[in-house]
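Examining the three-dimensional arrangement
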Protein chains: 2
Amino acid sequence: MKPYVLGIDIGGTNTVFGLVDTRGKVIASSSIKTAKHSKFADYLDELYTEASRLIEIADAVDKVHGIGIGAPNANYYTGSIEDGVNLPWPSPIPLAQLVSEKFGIPTAVTNDANAAALGEMTYGAARGMRDFIMITLGTGVGSGIVINGQVVYGHDGFAGELGHVIVKRNNGRLCGCGRTGCLEAYCSATGVARSAREFLEIRTEPSLLRNLPVDQITSKDVYDAAMQGDQLAKDVFTYTGTILGEALADMMVFSSPQAFILFGGLAKSGELLMKPLREAMDKNMMNVFKGKAKVLLSELKEADAAVLGASALGWEAKPSPAQAAVAAAVTSAAE
Amino acid sequence: MKPYVLGIDIGGTNTVFGLVDTRGKVIASSSIKTAKHSKFADYLDELYTEASRLIEIADAVDKVHGIGIGAPNANYYTGSIEDGVNLPWPSPIPLAQLVSEKFGIPTAVTNDANAAALGEMTYGAARGMRDFIMITLGTGVGSGIVINGQVVYGHDGFAGELGHVIVKRNNGRLCGCGRTGCLEAYCSATGVARSAREFLEIRTEPSLLRNLPVDQITSKDVYDAAMQGDQLAKDVFTYTGTILGEALADMMVFSSPQAFILFGGLAKSGELLMKPLREAMDKNMMNVFKGKAKVLLSELKEADAAVLGASALGWEAKPSPAQAAVAAAVTSAAE
């Protein structure tokens, strides 16, 4: 097997890509602006030029086994971005096919949270685990579910949207998905900021957060205030951790994972979040599962995580029929 | 491969067993009383005697490929009944090992709901499906989850307890599992009866159900009253179907199944249950999944379903190391 994979993480702002070896070391990485080109073909040209340069400099020409791509709403089965809400190009985009043809390298795609789960399983906190659930706590809440060592894609490729389980059935907050009461509306970074605004409005006590323009409060502001001992800010984290812990206890009855692995800015809130999370999870856990699932933090460096996650998929990428035919011809010519 | 499997369904009252062919036809079946013997060894003796008689009469001696057993809280990985709450013997019981040694036939065990899912996949409404969720609506609510064509057992063998997702986070009903607000407390046959009692207490309108002793009302009584046009009884089914539909929409974001398959007495309530169920499921479904999952009824005859489900597992049963050694010796002696 060729010794490298190319991981590409397509975000709304930046596209980060890197060359990764079998040990999970990022040999070289770079990035381009996702939104610079209004045509996907132009974007792909720039990506190809820049990634090829990276591959050349790293002396890895003809040594790349596969390309793995993580992108919003990318579908593993079809290889396409089906609904690229945060991307500048019309969807669907047959991403795996176009990239694979451009580079002449087998390519597989999935969404960012599934890529994160694969990265964690291949190089991080879930090494050796066959059953775990990755929860990404960022602007939204994403998830990647692994059962029997396989990412769960569901019958249509869209499974694993645990940010959209309903945690408040009545009078829940409006979620970006158009429904109300989703986990994401409470336990994402934006959810934490929303909770802070709600608490400030409902409660009358003093709080450091009252010094900030209320519509500009971020989860980082809430964290900073809590670390300075601000009770209202601490209560926001207790509220957030409790809802997340209750939700994890509910997920447990589905697939009984060995561990939940948390990733993203909010996951680094330490005991502010983890203490109420563990308490709520234990309290709400069905007896048969009590004490069984660990709650772990990602072991991937944040700067590398997106590329590592995407790259892990590169090891599974299969040649397209056309590529397989070329490879067979080359092999038989060499014999 | 030998042409038959023996399916055994161990219930609290009866143990039903039958010989099943590759087409899913129950060739012969019989039953014994589960609770007759206080010692498991005596129970196993009777089961062996009766099942052996069945096998002989059906001319199937040496033609049984495997034995599959469905039993409460039976664990596929360990082969044991870990906590046989409704059974007369102390647990754990190393069921697969004891039955396999007694019969000299490879044996596998799982819980009843997983057996039902296997039965449906092998012989019923889920033939050809690789991703579906079986929901059994009986005294309790059980579930068997199939992803990528495999039953989900989780890291410990206890996954798939969807009767115990929390559907009422606050002031929920007490559930048999010791927690409150579980799906099972609302959408089982006993849940329907509880809802009827609640409605009768809270509401003042006349109802046919008021002619019955309130503590003896069953889900069947509620069904009969509803079929006679009783509004309160109809509302109980609307309430039940709505909660179940909301819960199915939430399960969808986990594994995106092709279908939910309903089994059990309550599943036969027709449009009384199905109409509010479909409406609540559609209304609460995340956009990306809208209209994708079917809600189907089991296609297994109720009298045969438990045996068929258990028998399906018999096709997967692997010989124990001792059995494999004997088989190898026999094969080499025959050569």
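A brief report on the enclosed structure follows. If you're wondering where the values come from, they're calculated on a predicted model, not measured in any experiment.

The helix and strand inventory of chain A stands at 10 helices and 10 strands. Compactness check: chain A gives a C-alpha radius of gyration of 21 Å against a globular reference of 20 Å for 335 residues, within 12% of the reference. Here the C-alpha coordinates of chain A stretch approximately 75 × 45 × 35 Å along the principal axes. A burial count over chain A gives 57% of its 335 residues as buried. Within chain A, counting contacts between residues at least 6 apart in sequence, those at least 24 apart form 63% of the total. Charge separation in chain A, taken as the distance between the mean sites of 30 positive and 36 negative side-chain charges, equals 5 Å.

This brings us to the pairing of strand β4 (residues 64–70) of chain B. Residue and element names in this part refer to chain B. Most of β4 sits out of view: 6 of its 7 residues are buried. Both strand β1 (residues 4–10) and β4 contribute to a ladder of 6 bridges, which runs parallel. Each bridged residue has a counterpart across the sheet, and for D9 the counterpart in β4 is G70. Looking at chain direction, β4 and strand β5 (residues 107–110) are connected through 4 bridges and run parallel. Each bridged residue has a counterpart across the sheet, and for I69 the counterpart in β5 is V109.

Looking now at the interface of chain B and chain A. Between chain B and chain A, the residue contacts involve 39 residues of the former and 39 residues of the latter. The largest per-residue losses of area from chain B upon contact with chain A belong to H155, R169 and F254 of chain B, which jointly make up 23% of the total buried on that side. One can count 6 salt bridges joining chain B with chain A. Between D250 of chain B and R169 of chain A there is a salt bridge whose closest N-O contact spans 3.9 Å. Along the contact surface separating chain B from chain A lie 22 residue pairs in polar contact (both at pLDDT 80 or more). The set of elements that each furnish at least two residues to the side of chain B that touches chain A consists of β7 (141–147) and α7 (231–255) of chain B. The element contributing the most residues to the side of chain B that touches chain A is α7 of chain B, with 7 residues. When grouped by side-chain class, the residues that make up the side of chain B that touches chain A number 20 nonpolar, 11 polar and 8 charged.

The next point concerns the packing of aromatic side chains. Counted according to the given criterion, the structure contains 21 aromatic pairs over all chains. Judged by centre distance (5.6 Å) and plane angle (40°), the rings of F40 of chain A and Y43 of chain A are tilted. Pair noted here: F40 of chain A and Y43 of chain A are both in helix α1 (residues 40–57), with a separation of 3 residues, about one helical turn. When its relative accessible area of 0% is taken as the criterion, Y43 of chain A is described as buried. Considering the side-chain rings of Y76 of chain B and Y153 of chain B, the 4.1 Å spacing of their centres and the 0° angle between planes classify their relative orientation as stacked. In this pair, Y76 of chain B is assigned in the loop between β4 and α2 (95–103) and Y153 of chain B in the loop between β8 (150–151) and α4 (184–187), connecting sequence segments 77 residues apart.

This paragraph deals with helix α3 (residues 112–123) of chain B. Residues and elements named next belong to chain B. Look at α3: 16 Å from first C-alpha to last across 12 residues, which is about the 16 Å you get at 1.5 Å a residue. Within α3, 10 of the 12 residues are buried, which leaves the element mostly enclosed by the surrounding structure. Three or more residues of α3 are buried, namely A113, N114, A115, A116, A117, L118, G119, E120, M121 and Y123. Sitting at the head of α3, N111 places a side-chain oxygen 3.1 Å from the backbone nitrogen of A113.

All names here are of chain B. Strand order in the open sheet made by the 5 strands is β8-β7-β6-β9-β10, with mixed pairing throughout. Of all the strands in the sheet, the pair left with one neighbour each is β8 and β10 (294–297). With 6 bridges connecting them, strand β6 (residues 132–137) and β7 associate as antiparallel partners. For T136, the partnering residue across the bridge sits in β7 and is G142.

Before going further, it helps to examine the layout of surface pockets. Residue and element names in this part refer to chain B. Roughly 1,500 Å³ of internal volume is contained in the second largest pocket. Of all the secondary structure elements, the ones that give two or more residues to the lining of the second largest pocket are β1, α3, β6, β7 and α9 (302–314). Examining the composition of the lining of the second largest pocket, we find that 7 residues originate from one element, α9, more than from any other. Classifying every residue of the lining of the second largest pocket gives 22 nonpolar, 20 polar and 8 charged.

Note on the copies: chain B fits chain A at an RMSD of 0.0 Å, the axial shift is 0.0 Å, and the rotation between them is 180°. The relationship between the two copies is best expressed as a two-fold rotation axis. Of all interface residues in chain B, 100% are interface residues in chain A too; the two copies therefore contact each other through one and the same surface.

Before going further, it helps to examine the packing of helix α5 (residues 189–202) of chain A against helix α7 (residues 231–255) of chain A. All names here are of chain A. With their axes 10 Å apart at the nearest point, α5 and α7 run at an angle of 125° to one another. As summarised for this structure, α5 and α7 are arranged oblique, according to the angle between their axes. In this structure, the crossing between α5 and α7 has a hand that is right-handed. Two secondary-structure elements touch here, α5 through V192, S195, A196, F199 and L200 and α7 through L232, D235, V236, Y239 and T240. Looking at the contact of α5 with α7 residue by residue, the classes come out as 7 nonpolar, 2 polar and 1 charged.

All names here are of chain B. One can find P276 in helix α8 (residues 271–284). A relative accessible area of 9% places P276 in the buried class. It is 26 Å that separates the C-alpha atoms of P276 and Q216, two residues lying 60 residues apart in sequence. What P276 contacts, discounting residues up to four positions off in sequence, is F237, T238, G241, T242 and E271.

Basis of the calculations
Residues numbered from 1 in each chain as written. Chains lettered and ligands numbered in written order. Predicted model: local features only at pLDDT ≥ 70, side-chain atom pairs only at ≥ 80, totals over all residues. Heavy atoms only, no water. Helix = DSSP H or I, 4+ residues; strand = E, 2+ residues; numbered from the N terminus. Rg over C-alpha atoms; globule rule 2.2 N^0.38 Å. Buried < 20%, exposed > 50% of the residue type's maximum accessible area, 1.4 Å probe, protein only. Contact = heavy atoms within 4.5 Å. Lys, Arg positive; Asp, Glu negative; His and termini not counted. Charge placed at Lys NZ, Arg CZ, Asp CG, Glu CD. Pairing = 2+ DSSP bridges. Buried area = accessible area lost by both parts, 1.4 Å probe. Salt bridge = Lys/Arg side-chain N within 4 Å of Asp/Glu carboxyl O. Polar contact = N/O pair within 3.5 Å; in protein donor to acceptor, adjacent residues only side chain to side chain. Nonpolar A, V, L, I, M, F, W, Y, C, P; charged D, E, K, R; others polar. Phe/Tyr/Trp six-rings, centres within 6.5 Å; stacked < 30°, edge-to-face > 60°. Expected span 1.5 Å × (residues − 1). 1 Å grid on protein atoms, 1.4 Å probe; cavity = no way out; pocket = protein on both sides within 12 Å on 5 of 7 lines; lining within 4 Å. Points joined across faces, edges and corners; volume = space filled by probe spheres on them. Least-squares fit on C-alpha atoms with pLDDT ≥ 70 in both. Axes fitted to C-alpha atoms, helices over the stretch in contact; angles between N-to-C directions. Parallel < 35°, antiparallel > 145°, perpendicular 65-115°, else oblique. Left-handed = near helix turned anticlockwise from the far one by under 90°.

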